[in-house]
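Summary of structural features
Here is how the chains run, residue by residue.
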Amino acid sequence: MKIGDYKEIVPDAVQRYHKNESVAGASEKKEQVGAYPLPEERVSLSDRAKEFNEMKKLIESQPEVRDDLVKKMREKIESGEYKVPAEDLARKIVGENLIDIFA
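Residue positions are given per chain, counting from 1 as you read along its sequence in written order. Reporting in this predicted model follows two pLDDT cut-offs: at least 70 for local features of residues, and 80 or more for side-chain atom pairs to be given and counted; totals over whole chains, interfaces and linings ignore these cut-offs and use all residues. Excluding hydrogens and water, the side-chain figures rest on all heavy atoms present in the structure.

With that settled, the discussion passes to the overall build of the chain. Secondary structure is summarised from DSSP: a helix means a run of H or I of at least four residues, a strand means a run of E of at least two, and numbering begins at the N terminus for each. Assigned secondary structure in the chain consists of five helices and two strands. Seen in sequence order, the chain has helices and strands lined up from the N terminus as α-α-β-β-α-α-α. Put simply, the chain has 103 residues, and 6% of those count as buried. Relative accessibility thresholds used throughout: buried, under 20% of the residue-type maximum; exposed, over 50%; partly exposed, between the two (1.4 Å probe, protein chains only).

Structure follows, in structure tokens:
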């Protein structure tokens, strides 16, 4: 099966294609190089990809640190209102150490 002779392709047209200079015009004019049409380039996003992009933009627009919660916790700590039960703290420390040992 013979696909074609690569020598028929004009080097200038290949360079233009690689530089993306004539790709937009290629879809309108169906430009050809020798016996070979230039390929059309198209990008289409699925609905799921569009939804993902919207969620990503929404997440990126949110601040990394929620200043209102940080301020509220800082006030509780400074006023002595924030207390962590010793049992909860010990359980957390032991639990994390066990995970590190068995991981």
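The next thing to look at is the pattern of salt bridges. In the sections that follow, a salt bridge refers to a side-chain nitrogen of Lys or Arg positioned within 4 Å of a carboxyl oxygen of Asp or Glu. Overall, the coordinates contain three salt bridges when judged by the stated rule. Note that R91 and E87 form a salt bridge whose closest N and O atoms lie 3.4 Å from each other. Of this pair, R91 and E87 both sit in helix α5 (residues 86–102), four residues apart, roughly one helical turn. As far as burial versus exposure is concerned, R91 and E87 are alike and both exposed. Several salt bridges share partner residues, and in doing so they unite E87, D88 and R91 into one network.

In this section: helix α3 (residues 47–61). Between the first and last C-alpha of α3 there are 21 Å, a value that for 15 residues agrees with the 21 Å anticipated at 1.5 Å per step. Of all 15 residues making up α3, only zero are buried, and the element is barely covered by its neighbours. One fewer than the residue count of a helix, multiplied by 1.5 Å, yields its expected span.

So, on to the confidence of the model for the chain. For every residue, the pLDDT score states the predictor's confidence, bounded by 0 at the bottom and 100 at the top. Averaged over every residue, the pLDDT of the chain is 76; residues scoring 70 or more account for 64%. No element of the chain has a lower mean pLDDT than helix α2 (residues 23–29), which averages 48, and none a higher one than helix α4 (residues 67–79), which averages 93.

On to a nonpolar patch on the surface, then. Patch rule: a residue counts if its relative accessible area is over 30% and it has no salt bridge; like charges are joined within 9 Å, and nonpolar side chains (Val, Leu, Ile, Met, Phe, Trp, Tyr) within 5 Å. Under the convention used here, a 1.4 Å probe and the Shrake-Rupley method define accessible areas, while residue burial counts only the protein chains that appear. Taken together, M73, I77, Y82, V84, L89 and I93 make up a surface patch of nonpolar side chains, about 550 Å² in accessible area. Note on placement: Y82 falls in the loop between α4 and α5. A relative accessible area of 40% places Y82 in the partly exposed class.

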